[in-house]
Amino acid sequence: MPTFTALTTLPGKAAAEKLGAAMENLNPEPTGVGVFEVEDNSGLWEVGGYFTQAPDETALTLLATALGAQPFVVSELPETDWVAHVRRELAPVEAGRFFVYGSHDADKVPEDAEPLLIEAAMAFGTGHHGTTLGCLRALDRLSGDGFVGHNVADIGCGTAVLAMAAARIWPETVLASDIDEVAVDVARSNAAANGLADRVRCVEAAGFDHPELRDAAPFDLVFANILKGPLVALAPDMAAHLKPGGYAILSGILNEQADEVIDVYSQVGINLVHREEIVDWTTLTLGRIAP
């Protein structure tokens, strides 16, 4: 089935949102519409839609003219086997001792690496994104400095790659949670594929809101690779569930947001130990002050 895109830019959030809403009423109607700010400080917004039939270019021109947008650029996308494409594009990732790979690259795993298998069809959270890569590097750094995690949680685990990494290097069971039921199923599948089904326990939960997490606390290491807003909201619960002298590895933070997150966590007694920027994203290693 062919896929068509129609893209334009215009100044101002309100006008962009109005244009996006108007596109929803086109015939043929789009299968999806997106409105995004262009991250170059230009003040421009991008509005785009996907269609399974060629869109009505006359109607698009009228909408663009009415709302002060640039003329829409309409393109037909080639049909793509996306899993095959991801397999070609996602090379294995090395993050310290950890080696994240798909089964198509099983022959490339170094003998001295800690292997983490994530299939291409479950590509988010493979380690290619700067947030996951930063968390894996932070874990490798902590472990290299002599830290041993006896009680570890991965909050907002996604593919559970971070929980699995901890389970690879330490002989304890790691608790992994996600608010999304599908993500929890994916996490369980990944743990089983890595031979860690009995070492990575996956539960559906928002933050620490699950009996298993509450009963297992306090933790000496918590991963939270989510986004700034949820991380800020999580700070008091993090302080309540993190052992004095324990560490939190946080990511999903844009570089310009990092200072705010550091400040919020310092107010609950969890202070900066290390920070790393990878392209647009910052990973923070924080420590809770021991009494």
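Residues numbered from 1 in each chain as written. Predicted model: local features only at pLDDT ≥ 70, side-chain atom pairs only at ≥ 80, totals over all residues. Heavy atoms only, no water.

Novice: Help me understand the packing of helix 8 (residues 228-241) against helix 9 (residues 258-266) in this model?
Specialist: For any two helices packed against each other, one specifies the inter-axial angle together with the distance between the axes. Look at helix 8 against helix 9: their axes get within 9 Å of each other, and the N-to-C directions meet at 15 degrees. Considering their axes alone, helix 8 and helix 9 lie roughly parallel with respect to each other. The handedness of the crossing between helix 8 and helix 9 comes out as right-handed. Of the residues in helix 9, those in contact with K228, L231, V232, L234, A235 and M238 of helix 8 are E260, V261, V264 and Y265. Along the lines of polarity and charge, the residues of the contact of helix 8 with helix 9 split into eight nonpolar, no polar and two charged. (Axes fitted to C-alpha atoms, helices over the stretch in contact; angles between N-to-C directions. Helix = DSSP H or I, 4+ residues; strand = E, 2+ residues; numbered from the N terminus. Parallel < 35°, antiparallel > 145°, perpendicular 65-115°, else oblique. Left-handed = near helix turned anticlockwise from the far one by under 90°. Contact = heavy atoms within 4.5 Å. Nonpolar A, V, L, I, M, F, W, Y, C, P; charged D, E, K, R; others polar.)

Novice: Just checking my understanding: could you explain the pairing of strand 3 (residues 44-51) for this structure?
Specialist: The side chains of a regular strand alternate, residue by residue, between the two faces of the sheet. The pairing of strand 1 (residues 3-11) with strand 3 spans eight bridges and is antiparallel. By the bridge assignment for strand 3, L10 is matched with W45. Inspection of the sheet shows strand 2 (residues 32-37) paired to strand 3 by six bridges, in the antiparallel sense. Paired with G34 across the bridge in strand 3 is G48. (Pairing = 2+ DSSP bridges.)

Novice: Explain the packing of aromatic side chains to me, please; I cannot follow it from the model alone.
Specialist: To describe a pair of aromatic rings, you give the distance between the ring centres and the angle between the ring planes. Applying the stated rule across the entire model yields three aromatic pairs. Judged by centre distance (5.7 Å) and plane angle (80 degrees), the rings of F147 and W170 are edge-to-face. Residue F147 is found in the loop between helix 4 (130-144) and strand 8 (152-155), and its partner W170 is found in the loop between helix 5 (161-169) and strand 9 (174-178); the two are separated by 23 residues along the sequence. Residue W170 is classed as buried on the basis of its relative accessible area, which comes to 6%. Between F147 and Y247, the aromatic rings sit 5.1 Å apart at their centres with planes inclined by 85 degrees, giving edge-to-face as the arrangement. Highlighted residues: F147 in the loop between helix 4 and strand 8 and Y247 in strand 12 (residues 242-254), separated in sequence by 100 residues. Judged by its relative accessible area of 21%, Y247 falls in the partly exposed class. (Phe/Tyr/Trp six-rings, centres within 6.5 Å; stacked < 30°, edge-to-face > 60°. Buried < 20%, exposed > 50% of the residue type's maximum accessible area, 1.4 Å probe, protein only.)

Novice: How should I be thinking about the sheet that holds strand 5 (residues 93-95) in this particular structure?
Specialist: For sheets, the rule is that strands pair by backbone hydrogen bonds, running either parallel or antiparallel. Strand order in the open sheet made by the three strands is 5-6-7, with mixed pairing throughout. Of all the strands in the sheet, just strand 5 and strand 7 (114-117) have a single pairing partner and so form its edges. Neighbour-to-neighbour, the strand axes of this sheet turn through a mean angle of 25 degrees, independent of strand direction. Two strands pair when backbone bridges link them, and strand 6 (residues 98-101) and strand 7 are joined in this way by four bridges, in the parallel orientation. For V100, the partnering residue across the bridge sits in strand 7 and is L116. Sheet strands touched by helix 4: strand 5, strand 6 and strand 7. Its angle to strand 5, the strand with the most contacts, is close to 40 degrees. Set on the sheet, helix 5 makes contact with strand 6 and strand 7; between it and strand 7 the angle comes to about 150 degrees.

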